[in-house]
Each structure stands twice: as structure tokens, then as C-alpha cells.
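# Structural description and commentary
Given next are the chains, with one letter for each unit.
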Amino acid sequence: MCRHLGWLGAPRSVASLMLDPPYGLLVQSYAPRRQKHGLMNADGWGVGFFSPDTPDGGPRRWRSAAPLWGDASFASVAPALRSGCVVGAVRSASIGMPIEPTASAPFTDGAWLLSHNGLVDRAVLPLSAHAESTVDSALLAALIFDRGMDRLGDTVSEVAARDPQARLNILAANGSELVATTWGDTLSVLRTGDGVVLASEPYDDDQGWEEIPDRHLVHTDGDAVHMTALKGPA
Ligand code: GLN
């Protein structure tokens, strides 16, 4: 399983979200605290964010197939990257999946950034000309984008019905909304007063972190957080 994190709120540096916290994605890349599948997340990393400085307003991404802890260039630049909407991930590649920068989350359709933590049988996913990689997560992202983000919960339930073993923990953002699903792994939420963090696991020991129950859809605009149960087999 990979670990992912999303931020929606006041502009913050990418380093303050991914690298600086005592148990942030950097530490989670070699010593995650709540990981249920896999030991560490050394098969790549990625971050995407929205910035008012980009001409088209679309997301910008930086992805790699190398361990996050060894990337001195990212460590140097991350304190200078500021955004009010960020999706970051560190990756533990599932067996048989390619290890390449395009297989690292976040994936995009040009409007949304999307990370998948889990595993799904590629045979139940349609082939897509839009998939960025042959990794299961890229095929799943293409299907979710194709169906529309407003149908995320239904798409997750449908894929789970086709592959009952699937783990379908999604995190996605479009600059003004942050959405996530829990289906087989952990997710926690932290309201900071100037925004909302959703993360596979808490990046520090703040008492404010709350666990999201499994098989739920979470939506936030950076202020209110809404949770709804997902449909699925018992
Ligand atoms: N199955 C995905 C991959 O191989 C995600 C893996 C994970 O969540 N560890 O990249």
C-alpha cells in the first residue's frame, strides 16, 4: 500500500506537508506507522498542486520512481513550492506492476489530481487510451475520470463488486475540493483552522486527528468535512 496526503486550505509549502512533519510522507517512505500491506514506500513518490501562477490554472506535478528520502533536489525546492491545494504520495509498488515515474501518483486528467492506495485486478478495469501507465492505479484513475468525479463513490462500489479483493483508497483534488474514499486501508482527517488535511496516517501526534471509518466517501471544501457510507457487499 502506498501512503497519500491531501491539503486544501490556506497556501502552505509542500515541504511543510510532506517533508517537515515528524511522521510525514518522507518518514512514511521508510517507516510508516499504520501501513497494513507492504513494509515501506521506496518505489517512487509524487506531488501535484494547484497554483494561481500557472497560466491555465491546471495542476503541476513532480513525480519520480526513486525513493523520496534520496531526492536532494526536491528537498531543496519543496520549501519554495506553496499551494492551497496539494496531493502527495509515496509508493510501494504492487507485485508485477511497473516502477516508473508515470506509475507514481498523482495521476491527472488536467483538472483533477488523483492518488490510489491499494490494489485492483487489472482484468476488471477497461483498457484506456488515457491511462498514464499500465499500473493498476493508472487504469483505475482513467476509469474514475471517465465516469466523472461526482460519481467516485459509485465507481468505487462498482469496481469492488467486480473484484471483491480490491483495496480502493482514493484521494483526489481539483483546487477547490478534496475528496477521498476508504476501502481497505486507513485514512485520517485533521482540521487545522486554516484548512483540512486528509492523510493515510497522521503526520504527527496532534490530538485533533480523526480516523475515517472504512468504506466511506469524504468530501471537503477546506472547511466543512462531509462523510457518507459507500454502497457495497456486506
Ligand atoms: N497498486 C498500486 C501500485 O502498484 C498501489 C500500490 C500501493 O498502494 N502500495 O502502485
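Summary of the structure given here. No experiment lies behind these values; they were computed from the predicted model shown.

## A few points about the overall build of the protein
Broken down by element type, the protein carries 5 helices and 13 strands. The C-alpha atoms of the protein give 16 Å as radius of gyration, which agrees with the globular expectation for 234 residues (17 Å, within 12%). Each principal axis of the C-alpha distribution contributes one length, and for the protein these read about 45 × 40 × 35 Å. Across the 234 residues in the protein, those meeting the buried criterion constitute 56%. In the protein, the proportion of contacts linking residues at least 24 apart, taken out of those at least 6 apart, comes to 67%. When the accessible surface of the protein is summed, it comes to about 9700 Å², and 53% of that surface belongs to carbon and sulfur atoms.

## Brief notes about the packing of aromatic side chains
Applying the stated criterion across every chain, the model contains 5 aromatic pairs. Plain terms: the ring middles of Tyr30 and Trp69 are 6.1 Å apart, the flat faces sit at 80° to each other, and that makes the pair edge-to-face. Of this pair, Tyr30 sits in the loop between helix H2 (25-28) and strand E2 (45-49) while Trp69 sits in the loop between strand E3 (60-64) and helix H3 (72-77), and the two are 39 residues apart along the sequence. Overall, the relative accessible area of 43% leaves Tyr30 in the partly exposed class. With a centroid separation of 5.1 Å and 85° between ring planes, the pair formed by Tyr203 and Trp209 is classed as edge-to-face. On the basis of relative accessible area, Trp209 is assigned to the buried category, the value being 12%.

## A few points about the pattern of salt bridges
Going through the model one piece at a time under the given rule, you end up with 11 salt bridges. A salt bridge links Arg3 to Asp185, with the nearest nitrogen and oxygen atoms 3.0 Å apart. Taken together, the residues Arg3 in strand E1 (residues 3-13) and Asp185 in the loop between strand E8 (178-182) and strand E9 (188-191) connect sequence positions 182 residues apart. Judged by its relative accessible area of 0%, Arg3 falls in the buried class. Using a relative accessible area of 3% as the deciding quantity, one classes Asp185 as buried. Among the ionic pairs, Arg191 bridges to Glu210, the shortest N-O distance being 2.9 Å. Here Arg191 is found in strand E9, whereas its partner Glu210 is found in strand E11 (residues 210-211), with 19 residues between them in sequence. Looking at Arg191, the relative accessible area reads 40%, which means it is partly exposed. Exposure remark for Glu210: the relative accessible area of 38% places this residue in the partly exposed category. One network of salt bridges, with partners in common, ties together Arg3, Asp185 and Glu201.

Calculation notes
Residues numbered from 1 in each chain as written. Predicted model: local features only at pLDDT ≥ 70, side-chain atom pairs only at ≥ 80, totals over all residues. Heavy atoms only, no water. Helix = DSSP H or I, 4+ residues; strand = E, 2+ residues; numbered from the N terminus. Rg over C-alpha atoms; globule rule 2.2 N^0.38 Å. Buried < 20%, exposed > 50% of the residue type's maximum accessible area, 1.4 Å probe, protein only. Contact = heavy atoms within 4.5 Å. Areas by Shrake-Rupley, 256 points an atom, 1.4 Å probe, with all protein chains shown as cover. Phe/Tyr/Trp six-rings, centres within 6.5 Å; stacked < 30°, edge-to-face > 60°. Salt bridge = Lys/Arg side-chain N within 4 Å of Asp/Glu carboxyl O.

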